[in-house]
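# Working through the structure, step by step
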Amino acid sequence: MTKEQLYRDTVKFLLLTLNRISLYSFEHPVVKESSEKVYGLFQEILSQEGKMTVALGSNQLIINGTILEEKFLGVRELNARLRELKVDSFSVDKQVRLDELFNFIYALSKKKESAATKGPSREKIIKNGSEHIKINKVRYEQVSEGQKVVSSDLDQPQVSRQEVAQKEPLPQEVSEQFQDLLSGQVREILIGKESIFNQLDKNPRVIAGLILEIAKKSGSLKELISKFCQWLLDNAIDDLIKKKKDPAKLLLGLEKEIKKHSHDPSLPENIKSEISLAPPLFSEYSNSLRLEALVNSYSEKKDLKKLSQIAGKFLIKKEDKSEILPLLEEKLRQRGITSEEYNLFLKGLEGDKEKVSISKTEYEDLLKKSKEFNEELDKRIKQVSEEYQKLNRRLKDEKERVDTVIRNLADGLVVVDKDGNVNMMNPAAEKLLSVEAKNQVGKPLLDGIKEEHLLAMAKGPLDDKGEHITKEIELMSQDETTKRVLRASSAVVENQAGKTVGMVSVLSDITREKELEKMKSNFVAHVSHELRTPIVAMQKSLSLILGKNTGELNPDQEKFLNIANSNLQRLFRLINNILDMSKIEAHKLDLAPSLFNINEVIQEVGNTLDNWAKEKGLSLELKITPQDITVNADKDRIVQLMTNIIGNAIKFTPSGGSITVEAKQLTKTEQGVPGEFVQVEISDTGIGLQQDDLTRVFNKFEQVSQTQQSGIGGTGLGLTICKEIVELHKGHIWVESQINKGSKFIFIIPKGGQNG
Amino acid sequence: MDDENKIKANNNIQVLLVDDEGDFLATMEFWLKSQGYKVETVSSGMEAIRFLKGKTPNVVFLDIMMPQMDGIETLRQIRAFNKDLPVVMITAHGDEEKRNEAYKLNAFAFFDKTKDFYEADNIIRSVLHFFTKPKKDL
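## A short note on the pairing of strand β4 (residues 87-91) of chain B
Residues and elements named next belong to chain B. Counting buried residues along β4, five of its five residues qualify, which places the element largely inside the surrounding structure. Where burial is concerned, the two faces of β4 agree: the one with V87, M89 and T91 and the one with V88 and I90 are both buried. In this structure, strand β3 (residues 59-63) lies alongside β4, joined through four bridges in parallel fashion. Among the inter-strand pairings, D63 is bridged to a residue of β4, identified as I90. In the classification by handedness, the crossover that spans β3, the intervening helix α4 (residues 71-81) and the parallel β4 is right-handed. Of the pairings in the sheet, the one linking β4 to strand β5 (residues 109-112) comprises four bridges and is parallel in character. Of the residues in β5, the one forming a bridge with V88 is A109.

See the structure below:
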């Protein structure tokens, strides 16, 4: 670390300690900590340099001869504090103790004296120092640029060289000469003229001090002031002009400094009384100096510009002008200034307040232009504001239109913000929800709906079509007689940045719709029951008779009873198909899945249809695999499905043909989708299908041409239902066929059922 | 004969039939009796409950679709005083929705009335497999 850095750190921590002392208690650890730090830094400096002296510059600190500028942390504050306590300097020697230093620092601080302080009082310390800390033994005198720093300390004859700012004190020689001058012992000083001028400018205190010192000896302050001002008049004009300094200001500064001593006890009374005489004297000389400066600024080179420049600085106030101008004019004329030039000079002084003259026509022209300009401006403003008004009106109209539409919507419209609080709702929504918009705005949508009234709300999307969410809300009406069902179809609203800002819901009253649905559903259930009941009774009765439980039958009885029975079967199947169809339409066909072996079902169906096949002279071959193929599906429906397809095969295969049923286990579908699947193939050697009909055959009520031609009846519903059953199982069904060569119906379903 | 022995064995089994459809009931009763079972019939849920409060058959066949008190409700009320009684629900094709409810009330099995009589027989066999001795309070 360089010396300067060390000094800077010391100052920094010294200030820190001072601050902490004022904030915390005497014994607080942070206070101890920083004072120890300061002590350490002091010690370091002391070990390097043997002694440490801290002195005040005007705003800087001088540590062991090194100047620390005020820009460094703590310098200004420490300087101010020391100055306040009238400590111009303090010196610390090597043997200083921590507690001694600490007491000193404490004495410097602003903390109020407390009983806790040990040792000598602060005042004493500040005045006299302590064992190893000396106060005010050093005084630095100010010097000008380039001069040495001189300290008048008997103990410390050290001198250090450096560049010093202009603010530094007058050198001894100069001040001595100056004194001689003023006391009349010399008529002029040979050196340091400029430094005196600088002092007057920057540090009038020094000049004032010197003047008063001499006044003490000589006895007349007035005389000295006059002498000094005269000296300025004789010697400092060039400086004034060169540096463009207003002499009045300079003298005013000096006057102030002198006035400060009007209560100085060290001054004799007569001097003090003369201080009051100073102001008018200074004023007189100010004017003289100004005048002289002005004249000189012109006279040397007939420099009007320079004159004007200086005049601009000096002659600002009216009083100054009126006082000086007449004399100035006289003197300038003496130096040869022409009237023209002088007038020009005056004009320059006046500046912009000067009056100009223009012709009448020019004036009227200007007026006209001004008027035209104002008119044009008015017109433009009117235009723009009209445009805005129009736009405003249009927007208002549009808004009203939209409002009207919303107001009159039969469906309810509710807009909520992203927190679910209602922004607005139209009258229809109010009615549907039995709330009032004015009560609802700002609250969550369902807040206003009394709990008893809200019977059910389907949570989550019922019909999630991407951006739309549909829910059903069931409400009980106010008088608890009618139940209402609402469908809320909501869409999320996003702003241009894509952020969700709210939701718009359309509420429709679907009570009627729901009722009808329910009625339909009930009807279907009711009708199916009504239709089946007689058939079951008939079938059972026939079964008993045909089963010979009621006794023996003759062949004719048996034959016709069988006809009755088989037709009943047919009727039964037809009714079941119709009922299934209506369920499918109402999306009410549900599956009751269970785990079973597909082969079982094939066997069962095969057994049931075996007789029929035989009667038609067809061979029915069931290819049962030895291992079980378990599947999670609705067994009854699979039976129904297979019965239907095999039944078709029997129907549409001419005598002598064959039907084969085979089940396989697959690890991927025909389209390549991986998974565990069961595939069942029912092939026949029947009349086949046209290529065009391969998909049509699954359509509702479609009876493809082949069927019509063959004359074999049917409702056209069977395959449709088969398709629905397969698809409910998340499977797929299709047919491969060729006319007169036969057909192969294939369906594939996941082994895991609907869930997989 | 095998059949004769079987019929004799069935003599100890008591079956209660509950169905509002008289015609169907008649056929079921006839057939079950022809198999040797002892059969009682009632035509409503209320009657069934009254009956079951007094007597305990081996198995009950209970029709799901009945007016006034349907099979599910009847079962619920039965379960209030008899948790273990084997009850077989008689369904018609397409009563799937009620199945779950019935199972929750501990129905033993389902007999689809559109199916063969022999189904009924099988079911009764299963019941007997599960439960023991024939009761004697008819």
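## Regarding the interface of chain A and chain B
Each partner contributes residues to the interface: chain A has 20 residues there, and chain B has 19 residues. Per-residue buried area on chain A facing chain B is highest for H529, K540 and L544 of chain A; these three make up 32% of the total on that side. At the surface where chain A touches chain B, the tally comes to one salt bridge. Residues K115 of chain B and D636 of chain A are paired through a salt bridge, measuring 3.9 Å at the closest nitrogen-oxygen approach. Our enumeration of links across chain A and chain B arrives at three residue pairs in polar contact (both at pLDDT 80 or more). Contributions of two or more residues to the side of chain A that touches chain B are made by α20 (511-546), α21 (555-585) and α23 (635-652) of chain A. Ranked by the residues each element gives to the side of chain A that touches chain B, the list is headed by α20 of chain A, at eleven residues.

## What about the nonpolar core?
Among soluble globular proteins, nonpolar side chains are generally buried collectively. Residue and element names in this part refer to chain A. Judged by nonpolar contacts, the single largest core of 55 residues is most densely connected at L221, F228, L254, I258, L294, L328 and F345. Among the elements that make up this core, the one with the highest residue count is helix α13 (residues 278-299) (ten residues). In this view, L328 contacts L291, L294, V295 and F345; residues no more than four positions away in its chain are not counted. Within the second largest apolar cluster, 44 residues are counted, among which are V605, L641, L719 and F745.

## Some points on the confidence of the model for chain A
Atomic detail in the predicted coordinates should be set aside for any region of low pLDDT. Residues and elements named next belong to chain A. Per-residue confidence for chain A averages 80 on the pLDDT scale, and 84% of its residues sit at or above 70. Mean pLDDT across the elements of chain A bottoms out in strand β7 (residues 150-151) (48) and peaks in strand β20 (residues 742-750) (93). Low pLDDT, under 50, characterises residues 144-168; the predicted model gives this stretch 49 contacts beyond four residues in sequence or across chains. Segment residues 459-465 is flagged for pLDDT under 50; beyond a separation of four residues in sequence, or across chains, it makes ten contacts in the model.

Parameters at a glance
Residues numbered from 1 in each chain as written. Chains lettered and ligands numbered in written order. Predicted model: local features only at pLDDT ≥ 70, side-chain atom pairs only at ≥ 80, totals over all residues. Heavy atoms only, no water. Buried < 20%, exposed > 50% of the residue type's maximum accessible area, 1.4 Å probe, protein only. Helix = DSSP H or I, 4+ residues; strand = E, 2+ residues; numbered from the N terminus. Pairing = 2+ DSSP bridges. Right-handed = clockwise from strand over helix to strand, strands pointing away. Contact = heavy atoms within 4.5 Å. Buried area = accessible area lost by both parts, 1.4 Å probe. Salt bridge = Lys/Arg side-chain N within 4 Å of Asp/Glu carboxyl O. Polar contact = N/O pair within 3.5 Å; in protein donor to acceptor, adjacent residues only side chain to side chain. Core = buried A, V, L, I, M, F, W, Y, C linked by side-chain atoms within 4.5 Å. pLDDT = per-residue confidence, 0-100.

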